[in-house]
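Take a look at the letters that make up each chain.
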Amino acid sequence: MQLNLLEVIHTPADSLDHQDSLIEAERIKRLVAIHGSPLLILDCNAVRRQYRALQQALPGVQLHYALKPLPHADVVTTLMEEGACFDLATNGEVDLVASLGVAPTNTIHTHPIKRDSDIRHALGFGCNTLVFDNQDELLKFVPYRDQVKLLLRVSFRSLATKVDLSKKFGCRPEDALSLLAQAAELGICVTGLSFHVGSQALDPSKHVEAIRACGEIIRQAAELGLPSLNTVDIGGGFPVDYVEPVLPIDTFCAPIRAALATLPAGTRLLAEPGRFIAAPAMTAVATVMGKAQREGKWWYYLDDGVYGSYSGILFDHTHYPIDSLNFFGERQPCVLAGPTCDSIDVIEENILLPELHNGDLIIGRMMGAYTSATATEFNFFRKASIVVINQTHNQDCAVVPLSA
Ligand SMILES: *Cc1c(COP(=O)(O)O)cnc(C)c1O
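Quick caveat, the model's predicted, so the values are computed rather than measured.

Participant: Report on the nonpolar core, specifying residues and quantitative values.
Facilitator: In this structure, Leu152, Ile234 and Phe238 are the most contacted members of the largest nonpolar core, which totals 104 residues. When residues of this core are sorted by domain, at least three fall in each of domain 1 (5–43 + 281–401) and domain 2 (45–278). Apart from residues lying up to four places away in sequence, Leu152 is in contact with Phe132, Asp133, Cys171, Ala176, Leu179, Leu180, Val190, Gly192, Leu193 and Ser194. Counting 12 residues, the second-largest nonpolar core is a separate cluster that includes Ile28, Ile41, Val285 and Leu325.

In structure tokens form, the structure reads like this:
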């Protein structure tokens, strides 16, 4: 039986039959034997599968992968081959895509707050679409007004997302028209609107509300005789299954498609997915380095933790599906801790696992987004190395059929 490593790794453990679990365990052990622990296994087929699923759910929307959750060269190269565009926010991200040969016209730069040197760096690469959300930022573009096409980022607060990105950035919808008028007076070209309702949105209502509000601003701007706005960028926020399942992506996007259809005909549509593409693409492997009984519970100390790949527990407010690679034995509540001397370095306080031994492996799934990207080397514990699998195109990664 020829099984695709990636498919096995990324199938939820409880849906694997025993045979598949054993094959998966052997393959993971082999990778750790070669590459060491802690290890992150980056599967390019998962990147392809996620990109295709989102593109199928949002036809006509140009997907720009936001590098922030997983700024890895193999993710960029894989997506480039899929025809994706890229959403950049920093000079480092500009340099990464430039070094990989991404066409500048396939990029946008969406950090709403930039230094003059950041603007020059993006323009030097050839990325001309940038974002502003206030007057001070708009004035920074006066010297470059012949080169830039700006998007105005509008804020739509969302309390239903884990990470509310409209608190820190974006103008109030009621201030949009006056900012657009100021841009017109300064001779700076604004081609459209953008927003980000927040990451890991649990339902699409904020996207829908924001799209409708953007349509309203576009119509009002036209009535005032302002230069026409022909682009709407709906940002990121597309959710993935962690411990709790979320809506399938096609279901999540159905109301978004309907809202997009109400925008003026010919509007250019963009999105900036990060998590949706990156999260399922990495599986974390850590090793038990020690164990102790404390107050009637087993504590297991791993070689990766909250200061490392599991940093998303703090920064991203995310808990990951975690299991042992030892499938035998009765499960009891235990604690999984990281390797550092800090007491905050606890991954799970109450997880059901069979009794573990030093050297046993612990698997974290859905660990591609906001994990290694925010890891530190506190206490001199080195970050997990990343091993890449399925770099070359694989027919087996066909998109799981979506409901019509
Ligand atoms: C972080 C970020 C994204 C990606 O958001 P996800 O929720 O991970 O899809 C997209 N655009 C901007 C401007 C961001 O800051």
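Participant: Summarise the packing of helix H9 (residues 205–223) against helix H10 (residues 249–260); cite the residues concerned and give the values.
Facilitator: Packed helices, taken two at a time, are described by the angle their axes make and the gap between the axes. Two elements in contact, H9 and H10, have axes separated by 9 Å at closest approach and are oriented at 5 degrees. Between H9 and H10, the crossing angle belongs to the class labelled roughly parallel. Between H9, through His207, Val208, Ile211 and Arg212, and H10, the contact on the second element is made entirely by Phe252, Pro255, Ile256, Ala259 and Leu260. Split by residue class, the contact of H9 with H10 holds 7 nonpolar, 1 polar and 1 charged.

Participant: Could you give an account of helix H4 (residues 73–82), naming the residues involved and the relevant values?
Facilitator: Looking at H4, one finds that the buried residues are Asp74, Val75, Val76, Thr78 and Leu79. Backbone geometry just downstream of H4 places Gly83 in the positive-phi region, at approximately 90 degrees.

Participant: Run through the domain arrangement of the protein chain, naming residues and quoting values.
Facilitator: For the protein chain, the assigned domains read domain 1 (5–43 + 281–401) and domain 2 (45–278). The straight-line distance from the C-alpha centre of domain 1 to that of domain 2 is 32 Å. Contacts between the two partners involve 30 residues from domain 1 and, on the opposite side, 26 residues from domain 2. Summing both partners gives a buried area of about 2,400 Å² for domain 1 against domain 2, and 60% of it is carried by carbon and sulfur. The partner of Asp316 in a salt bridge is Arg275, and the shortest N-O contact between them spans 2.8 Å. Run the count over domain 1 and domain 2 and you get 9 residue pairs in polar contact (both at pLDDT 80 or more). Those elements giving two or more residues to the side of domain 1 that touches domain 2 turn out to be strand S1 (39–43) and strand S16 (385–389).

Participant: Would you mind going over the pairing of strand S15 (residues 361–364) in detail, with residue names and values included?
Facilitator: Burial of the side chains of S15 extends over both faces: Leu361 and Ile363 are buried on one face and Ile362 and Gly364 on the other. As paired strands, strand S10 (residues 282–294) and S15 are joined by 4 bridges and run antiparallel to one another. Within S15, the residue paired with Val285 across the bridge is Ile363. With 3 bridges connecting them, strand S12 (residues 322–324) and S15 associate as antiparallel partners. Following the sheet pairing, Ile322 is matched in S15 by Gly364.

Participant: Tell me about the packing of helix H8 (residues 176–186) against H9, and name the residues and values.
Facilitator: For the pair H8 and H9, interaxial distance at closest approach is 10 Å and the crossing angle is 45 degrees. The angle between H8 and H9 places the two elements in the oblique class. In terms of crossing hand, the pair formed by H8 and H9 is right-handed. Here Ala176, Leu177 and Leu180 of H8 lie close against H9, whose contacting residues are Ile217, Gln220 and Ala221. Each residue belonging to the contact of H8 with H9 can be placed in one class, and the counts come to 5 nonpolar, 1 polar and no charged.

Participant: I'd love a proper account of the site of the ligand, names of residues and values included.
Facilitator: With respect to spatial proximity, 14 residues lie near the ligand, and among them Lys68, Ser199, Glu272, Arg275 and Tyr370 are the closest. A distance of 2.8 Å separates an oxygen atom of the ligand from a polar backbone atom of Arg275. One of the side-chain N or O atoms of Tyr370 is found 2.6 Å from an oxygen atom in the ligand. Its residues assigned to classes, the shell around the ligand shows 3 nonpolar, 6 polar and 5 charged.

Participant: Tell me about a nonpolar patch on the surface, and name the residues and values.
Facilitator: Taken together, the side chains of Leu314, Phe315 and Ile344 present a nonpolar region at the surface, about 300 Å² in accessible area. Looking at where Leu314 falls in the secondary structure, it is placed in helix H12 (residues 312–315). Note on Leu314: relative accessible area 41%, which makes it partly exposed.

Rules of the game
Residues numbered from 1 in each chain as written. Predicted model: local features only at pLDDT ≥ 70, side-chain atom pairs only at ≥ 80, totals over all residues. Heavy atoms only, no water. Core = buried A, V, L, I, M, F, W, Y, C linked by side-chain atoms within 4.5 Å. Buried < 20%, exposed > 50% of the residue type's maximum accessible area, 1.4 Å probe, protein only. Domains from an automatic or database assignment. Contact = heavy atoms within 4.5 Å. Axes fitted to C-alpha atoms, helices over the stretch in contact; angles between N-to-C directions. Helix = DSSP H or I, 4+ residues; strand = E, 2+ residues; numbered from the N terminus. Parallel < 35°, antiparallel > 145°, perpendicular 65-115°, else oblique. Nonpolar A, V, L, I, M, F, W, Y, C, P; charged D, E, K, R; others polar. Buried area = accessible area lost by both parts, 1.4 Å probe. Salt bridge = Lys/Arg side-chain N within 4 Å of Asp/Glu carboxyl O. Polar contact = N/O pair within 3.5 Å; in protein donor to acceptor, adjacent residues only side chain to side chain. Pairing = 2+ DSSP bridges. Left-handed = near helix turned anticlockwise from the far one by under 90°. Near = heavy atom within 4 Å. Patch = residues over 30% accessible without salt bridge, like charges linked within 9 Å, V, L, I, M, F, W, Y side chains within 5 Å. Areas by Shrake-Rupley, 256 points an atom, 1.4 Å probe, with all protein chains shown as cover.

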